[in-house]
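Below are the chains, spelled out letter by letter.
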Amino acid sequence: SITAVRMYKTRQDPEVPWFPRHVSEIDKCSHCITKYEPTIDPRHPGFGDEVYIARREELNRLAANFRYGDQLADVQYTEAEHDTWRQVFDKLEHLHVTLACSTYRRNLAMLLEEGVLTRERIPQLRSINAFLERRTGFILRPCSGLLSARDFLASLAFRVFQGSYENTTQYLRHHTKPHHSPEPDLIHELLGHVPMFADPALAQMSQDIGLMSLGASDEQIERLATVYWFIVEFGLCREEGQLRAIGAGLLSAFGELQHACSDVPEHREFIPTETALQKYEDDDYQPLYYVADGIEEALGKLREYAGKFERPFSLIYDPYTRSVTEVRSV
Ligand code: TIH
Ligand code: FE2
């Protein structure tokens with residue numbers, strides 16, 4: 001009878017996708033998607049530049065071989081790469097004064113004071129991680145391509161950042177287009193994300209969002225990733241009556257940062273249920289930005305939104321073992 005079928009169905013767990021239970025299992029969360037490959041995509045500023053392409057591949061190979069527990073190898077950057085870094089650094093330093101949110105500026109100041117980030121040289125991930133481990137326990141893990149949203153979000157659950165479902169790429173943007181890169185690069189990771197992960201409240205909220213992504217359905221992941229995109233990457237807030245950036249994708253792109261805070265694009269109030277369904281642009285400046293009260297408020301709303309996702313179990317994170325345990329109510 002129909003009732004019997006219904007009973008059978010509700011008793012069965014919906015299929016739960018695999019997810020990592022221990023931080024070491026992030027080794028299995030490196031599924032990449034191809035997008036903006038400079039070898040084949042003319043939209044990439046490095047398209048056709050053989051030297052650039054070879055360098056990018058070399059650094060990506062290093063990242064692909066990385067496994068949990070490995071010592072991070074230092075990268076020898078070229079003078080030309082340090083030059084690109086300095087160019088972007090100087091432009092951003094100037095713009096951040098008026099266009100970056102206060103949480104970002106506070107944490108960036110700390111990174112500069114401690115000499116972890118400097119204008120002169122591209123820092124090594126190893127020293128960035130030593131700083132972050134002290135502050136929030138977050139670590140950056142190199143990866144070699146654009147990650148799937150599921151893998152990216154899963155690593156946040158363990159306070160591991162693998163780039164912006166992108167890559168904690170170690171290569172740099174093409175020197176001809178320092179104002180904006182269609183794909184995340186080291187400058188984006190370091191000057192966009194790191195100051196945010198150095199903040200204890202933001203670190204906690206990012207981890208919570210990661211935890212809520214574990215075992216979520218494809219549709220839930222898609223929505224979570226979309227809101228994450230509009231807030232953590234491209235979000236704005238209003239401070240002292242001004243639009244300011246909270247998103248890492250804006251904080252690392254001096255061209256788009258100015259565009260986002262100008263009256264050229266559309267600005268809408270951030271409401272997770274609506275934002276989650278919005279399509280986004282990813283090879284050029286966004287035509288639409290969402291404006292939140294502040295980064296903490298925005299992440300709080302995102303956490304609340306993801307908290308309503310239905311899952312047939314709950315999870316407990318143990319920071320001592322860096323693992324999650326499933327709890328099922330019978
Ligand atoms: N557009 C950013 C930059 O130029 O720094 C990089 C990206 C972040 C997210 C997607 S692309
Ligand atoms: Fe990012």
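These numbers come from a predicted model, not from an experiment.

Colleague: Is there a simple way to think about the overall build of the chain in this case?
Modeller: Along the chain, the regular secondary structure elements total 13 helices and 10 strands. Since a compact globule built from 330 residues should have a radius of gyration of about 20 Å, the 20 Å found for the chain is in line with a globular shape. In terms of its C-alpha atoms, the chain occupies a principal-axis envelope of roughly 70 × 45 × 40 Å. Split into buried and exposed, the 330 residues of the chain put 55% on the buried side. Considering only contacts in the chain between residues 6 or more positions apart, those separated by 24 or more positions represent 68%. Carbon and sulfur atoms make up 51% of the accessible area of the chain, which amounts to about 15,300 Å² in all. The chain carries 36 positive and 50 negative side-chain charges, and their two centres are separated by 4 Å.

Colleague: So what exactly am I meant to see when it comes to the packing of helix α8 (residues 200-213) against helix α13 (residues 295-307) here?
Modeller: Relative placement of two packed helices is described by the angle separating their axes and the distance separating the axes. Remark: α8 packs on α13, axes separated minimally by 10 Å, with the N-to-C direction vectors making an angle of 20°. The orientation of α8 with respect to α13, classified from their angle, is roughly parallel. As for how α8 packs across α13, the hand of that crossing is left-handed. Taking contact as the criterion, the partners of A201, L202, M205, D208, I209 and M212 in α8 are, on α13, I295, E296, L299, G300, L302, R303, A306 and G307. Among the residues forming the contact of α8 with α13, the class breakdown is nine nonpolar, two polar and three charged.

Colleague: Explain the nonpolar core to me, please; I cannot follow it from the model alone.
Modeller: In terms of nonpolar packing, the biggest core is built from 85 residues, with W85, L190 and L236 touching the most fellow members. For this core, the leading source of residues is helix α9 (residues 218-233), giving nine residues. Residues in contact with L236, not counting those within four places in the same chain, are L243, R244, A245, I246, L250, A260, C261, H267, Y289, Y290, V291 and A292. Within the second largest apolar cluster, 15 residues are counted, among which are A157, V160, F313 and Y317.

Colleague: Mind showing me how you'd approach the side chain of N129 here?
Modeller: Relative to the elements of secondary structure, N129 occurs in helix α5 (residues 125-135). Discounting residues that sit within four places of it in the chain, N129 has contacts with L72, I139 and L140.

Colleague: Explain the environment of G249 to me, please; I cannot follow it from the model alone.
Modeller: Relative to the elements of secondary structure, G249 occurs in helix α10 (residues 248-251). Counting along the chain gives 98 residues from G249 to D151, while the straight-line C-alpha distance between them is 19 Å. Residues in contact with G249, not counting those within four places in the same chain, are H188, E233 and F234.

Colleague: Explanation requested: the side chain of S206 in the structure shown.
Modeller: Mapped onto the elements, S206 comes out in helix α8. Looking at S206, its side chain comes within polar contact range of the main-chain oxygen of L202, at 2.7 Å. When sequence neighbours within four positions are dropped, the list of residues in contact with S206 reads F138, L156 and F197.

Colleague: What should I look at first to understand the pattern of salt bridges in this one?
Modeller: Once the charged atoms of two side chains with opposite charge are near each other, the side chains can pair. Per the counting criterion, the structure on display carries 23 salt bridges. Here R268 and E266 are joined by a salt bridge, their closest N and O atoms 2.7 Å apart. Its relative accessible area of 33% is what places R268 among the partly exposed residues. You can call E266 partly exposed: its relative accessible area is 39%. Connected through salt bridges with shared partners, the residues R105, E239, E240 and R244 form a single ionic network.

Colleague: For this particular structure, what's the right way to read a negative patch on the surface?
Modeller: A surface patch of like charges, here negative, comprises E269, E274, D293, E296 and E297. Counting through the fold element by element, E274 comes out in helix α12 (residues 272-275). According to the relative accessible area criterion, E274 is partly exposed, its value standing at 49%.

Colleague: Looking at this model, I keep getting lost on the packing of aromatic side chains. Mind explaining?
Modeller: Where two aromatic rings form a pair, the distance of their centres and the angle of their planes describe that pair. In this structure the tally under the stated criterion is 12 aromatic pairs. Plain terms: the ring middles of F152 and F161 are 5.9 Å apart, the flat faces sit at 80° to each other, and that makes the pair edge-to-face. Neither residue differs from the other here; F152 and F161 are each classed as buried. Considering the side-chain rings of Y305 and F309, the 5.4 Å spacing of their centres and the 75° angle between planes classify their relative orientation as edge-to-face. Taking the relative accessible area as the measure of exposure, Y305 reaches 12% and is therefore buried. Overall, F309 belongs to the buried group, its relative accessible area being 18%. Three or more aromatic residues joined by ring pairs form one cluster here, namely F138, F152, F161, F197 and Y228.

Colleague: In this structure, what is going on with the sheet that holds strand β5 (residues 236-239)? I would like to understand it.
Modeller: Note: strands within a sheet are paired through backbone hydrogen bonds, in either parallel or antiparallel orientation. Strands sit in the order β6-β5-β8-β7 across an open sheet of four strands; the sheet is mixed. Single-partner strands in this sheet number two, and they are β6 (242-245) and β7 (266-269). The sheet shows a mean angle of 40° between the axes of neighbouring strands, direction not considered. Two elements, β7 and strand β8 (residues 288-292), share four bridges in a ladder whose sense is parallel. Across the sheet, E266 pairs through a bridge with L288, a residue of β8.

Cut-off values and rules
Residues numbered from 1 in each chain as written. Chains lettered and ligands numbered in written order. Predicted model: local features only at pLDDT ≥ 70, side-chain atom pairs only at ≥ 80, totals over all residues. Heavy atoms only, no water. Helix = DSSP H or I, 4+ residues; strand = E, 2+ residues; numbered from the N terminus. Rg over C-alpha atoms; globule rule 2.2 N^0.38 Å. Buried < 20%, exposed > 50% of the residue type's maximum accessible area, 1.4 Å probe, protein only. Contact = heavy atoms within 4.5 Å. Areas by Shrake-Rupley, 256 points an atom, 1.4 Å probe, with all protein chains shown as cover. Lys, Arg positive; Asp, Glu negative; His and termini not counted. Charge placed at Lys NZ, Arg CZ, Asp CG, Glu CD. Axes fitted to C-alpha atoms, helices over the stretch in contact; angles between N-to-C directions. Parallel < 35°, antiparallel > 145°, perpendicular 65-115°, else oblique. Left-handed = near helix turned anticlockwise from the far one by under 90°. Nonpolar A, V, L, I, M, F, W, Y, C, P; charged D, E, K, R; others polar. Core = buried A, V, L, I, M, F, W, Y, C linked by side-chain atoms within 4.5 Å. Polar contact = N/O pair within 3.5 Å; in protein donor to acceptor, adjacent residues only side chain to side chain. Salt bridge = Lys/Arg side-chain N within 4 Å of Asp/Glu carboxyl O. Patch = residues over 30% accessible without salt bridge, like charges linked within 9 Å, V, L, I, M, F, W, Y side chains within 5 Å. Phe/Tyr/Trp six-rings, centres within 6.5 Å; stacked < 30°, edge-to-face > 60°. Pairing = 2+ DSSP bridges.

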